[in-house]
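Structural characterization, general
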Amino acid sequence: MIVLIVDDQENMCWILSKILSDAGFSVKTANTAKEAISIANENKILAAIIDYRLPDSNGFDLFLNLRKQNENLPCLLITSYGSSKLREEAFKLGFDAYFDKPFDNGVLIAALKKSLNIREPMF
């Protein structure tokens, strides 16, 4: 199963893809909402990390479209244009987590795992 990363910045997609791959996830990336919907239609998506500002939509609209396909799909919102109002709206809409860029990669991975109910092994 795949984690979908949606961000209009190629470098952010690349960085998140590397981080998630290193954490053991399979990853697909999209730079537009249209591309993200196409990927979601063709693959079983485990979770999505969605940028708020996209060239053809916004993260909230994309979230709602993805949730039409899978009402329980874990989704994390990332943004460079954050505010307390945007954070509040994201959680009201149903996002599992919200991150202002730049964010701590480890915290993002932990939030993704929490949203997927993945527990770290205890040694």
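Look above for the structure.
Presented here is a report on the structure given in the accompanying data block. Remember, it's a predicted structure, so these values are computed and weren't measured experimentally.

What counts, and at which threshold
Residues numbered from 1 in each chain as written. Predicted model: local features only at pLDDT ≥ 70, side-chain atom pairs only at ≥ 80, totals over all residues. Heavy atoms only, no water. Pairing = 2+ DSSP bridges. Helix = DSSP H or I, 4+ residues; strand = E, 2+ residues; numbered from the N terminus. Axes fitted to C-alpha atoms, helices over the stretch in contact; angles between N-to-C directions. Contact = heavy atoms within 4.5 Å. Buried < 20%, exposed > 50% of the residue type's maximum accessible area, 1.4 Å probe, protein only. Arc of directions from axis to C-beta. Polar contact = N/O pair within 3.5 Å; in protein donor to acceptor, adjacent residues only side chain to side chain. Core = buried A, V, L, I, M, F, W, Y, C linked by side-chain atoms within 4.5 Å.

Overview of the sheet that holds strand E3 (residues 45-51)
- Strand order in this open sheet of five strands is E2-E1-E3-E6-E7, and the pairing throughout is parallel. Two strands lie at the open edges of the sheet, namely strand E2 (26-30) and strand E7 (97-100), each paired on one side alone. Neighbour to neighbour, the strand axes of the sheet diverge by 20° on average, direction disregarded.
- The pairing of strand E1 (residues 2-6) with E2 spans five bridges and is parallel. If you follow Ile 5 over to E2, its bridge partner there is Thr 29.
- Contacts from helix H1 (residues 10-22) reach E1, E2, E3 and strand E6 (75-79), with the element oriented near 170° to E2.
- The strands touched by helix H4 (residues 84-93) within the sheet are E6 and E7, with E7 carrying the most contacts at an inclination of about 155°.

Comments concerning helix H2 (residues 33-42)
- Among all positions of H2, only Ala 33, Ala 36, Ile 39 and Ala 40 are buried. For H2, the angular spread of the buried residues around the axis is 120°, confining them to a single face. Exposed residues pointing more than 90 degrees away from the buried face of H2 are listed as Lys 34, Asn 41 and Glu 42.
- Among the structural elements, E1, E2, E3, strand E4 (53-54), strand E5 (57-58) and helix H3 (59-69) are those in contact with the buried residues of H2.

Considerations on the side chain of Asn 31
- Residue placement: Asn 31 occurs in the loop between E2 and H2.
- Among the polar contacts made by the side chain of Asn 31, one reaches the main-chain carbonyl oxygen of Asp 7 at a distance of 2.9 Å.
- Sequence-distant contacts of Asn 31, defined by excluding residues within four places in its chain, comprise Asp 7, Asp 8, Gln 9, Glu 10, Cys 13, Leu 54 and Pro 55.

Some remarks on H3
- Looking only at H3, the buried set comprises Gly 59, Phe 60, Leu 62, Phe 63 and Leu 66. When H3 is viewed along its axis, its buried side chains cluster within an angular range of 160° and face the same direction.
- The backbone nitrogen of Phe 60 lies 2.8 Å from a side-chain oxygen of the residue at the head of H3, namely Asn 58.

Let's talk about the nonpolar core
- Grouped together as the largest cluster of nonpolar side chains are 24 residues, with contacts concentrated most on Leu 4, Ile 50, Leu 62 and Phe 95.
- Breaking this core down by element, the ones donating at least two residues are E1, H2, E3, H3, E6 and H4.
- Membership of the second largest hydrophobic core comes to 20 residues, among which are Leu 20, Phe 25, Phe 99 and Ile 109.

The values reported here are purely geometric and, on their own, carry no functional implication.
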